[in-house]
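# Notes for the structure review
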Amino acid sequence: MKNENTVTLKICPRCHKAYRGVPALSRADGQTLICPDCGTREALDSIGVEPAEQEQILDTIHRSMQS
Ligand SMILES: [Zn+2]
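An account of the accompanying structure is given in this report.

### Describing the coordination of the zinc ion
Distances from the zinc ion to its protein donors, Cys12 (SG), Cys15 (SG), Cys35 (SG) and Cys38 (SG), fall at 2.3 Å. One can describe the donor arrangement at the zinc ion as tetrahedral, given that its four donor atoms subtend angles of 107 to 112 degrees at the metal. The sequence pattern describing where the donors of the zinc ion fall on their chain is C-x2-C-x19-C-x2-C. In this structure cysteine 35 comes out as buried when scored by relative accessible area, which is 5%.

### Section: the pattern of salt bridges
Overall, the coordinates contain three salt bridges when judged by the stated rule. Of the charged contacts, one joins glutamate 42 and arginine 14 as a salt bridge, the two residues approaching to 3.2 Å between their closest N and O atoms. With glutamate 42 in helix α2 (residues 36-46) and arginine 14 in the loop between β1 (10-11) and β2 (18-19), this residue pair connects regions lying 28 residues apart in the sequence. Where arginine 41 meets glutamate 55, a salt bridge forms, and the shortest distance between an N and an O atom there is 2.8 Å. Taken together, the residues span a long stretch of sequence, with arginine 41 in helix α2 and glutamate 55 in helix α3 (residues 51-66) at a distance of 14 residues. By relative accessible area, glutamate 55 is classed as partly exposed at 39%.

### Examining the nonpolar core
Most often, soluble globular proteins have nonpolar side chains that are buried together. Within the largest apolar cluster, six residues are counted, these being Cys12, Tyr19, Ala24, Ile34, Cys35 and Cys38. If sequence neighbours within four positions are ignored, cysteine 12 has contacts with Lys17, Tyr19, Ile34, Cys35 and Cys38.

### Some words on the packing of α2 against α3
Think of two packed helices as two axes; the pair is described by the angle between the axes and how far apart they sit. Closest axis-to-axis distance for the α2/α3 pair is 10 Å, and the angle between their directions is 135 degrees. Considering the angle they form, α2 stands oblique to α3. Note on packing geometry: the crossing formed by α2 with α3 is right-handed. Note on element contacts: α3 touches α2 through Gln54, Glu55, Ile57, Leu58, Ile61 and His62, opposite Asp37, Thr40, Arg41, Leu44 and Asp45. The residue makeup of the contact of α2 with α3, split by class, is four nonpolar, three polar and four charged.

Parameters and conventions
- Residues numbered from 1 in each chain as written.
- Predicted model: local features only at pLDDT ≥ 70, side-chain atom pairs only at ≥ 80, totals over all residues.
- Heavy atoms only, no water.
- Donors = N, O, S within 2.8 Å, 3.2 Å for Na, K, Ca; no water.
- Tetrahedral: all angles 85-135°; square planar, octahedral: opposite > 155°, others 65-115°.
- Buried < 20%, exposed > 50% of the residue type's maximum accessible area, 1.4 Å probe, protein only.
- Salt bridge = Lys/Arg side-chain N within 4 Å of Asp/Glu carboxyl O.
- Helix = DSSP H or I, 4+ residues; strand = E, 2+ residues; numbered from the N terminus.
- Core = buried A, V, L, I, M, F, W, Y, C linked by side-chain atoms within 4.5 Å.
- Contact = heavy atoms within 4.5 Å.
- Axes fitted to C-alpha atoms, helices over the stretch in contact; angles between N-to-C directions.
- Parallel < 35°, antiparallel > 145°, perpendicular 65-115°, else oblique.
- Left-handed = near helix turned anticlockwise from the far one by under 90°.
- Nonpolar A, V, L, I, M, F, W, Y, C, P; charged D, E, K, R; others polar.

Structure follows, in structure tokens:
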């Protein structure tokens, strides 16, 4: 199966991890494209969620997406 466009890995400038799929726009400058996880982190950060709790929430999101 050839589907190269959708499987292209991008590197997130925020967490430096490779990701695929639709990037999120960073709230920090409104220009930088970051991975969906960092988009979630920034959203949680903006409502005052602690970094440790942000990771727990991301973990929950990842698990619910797999099932
Ligand atoms: Zn990221």
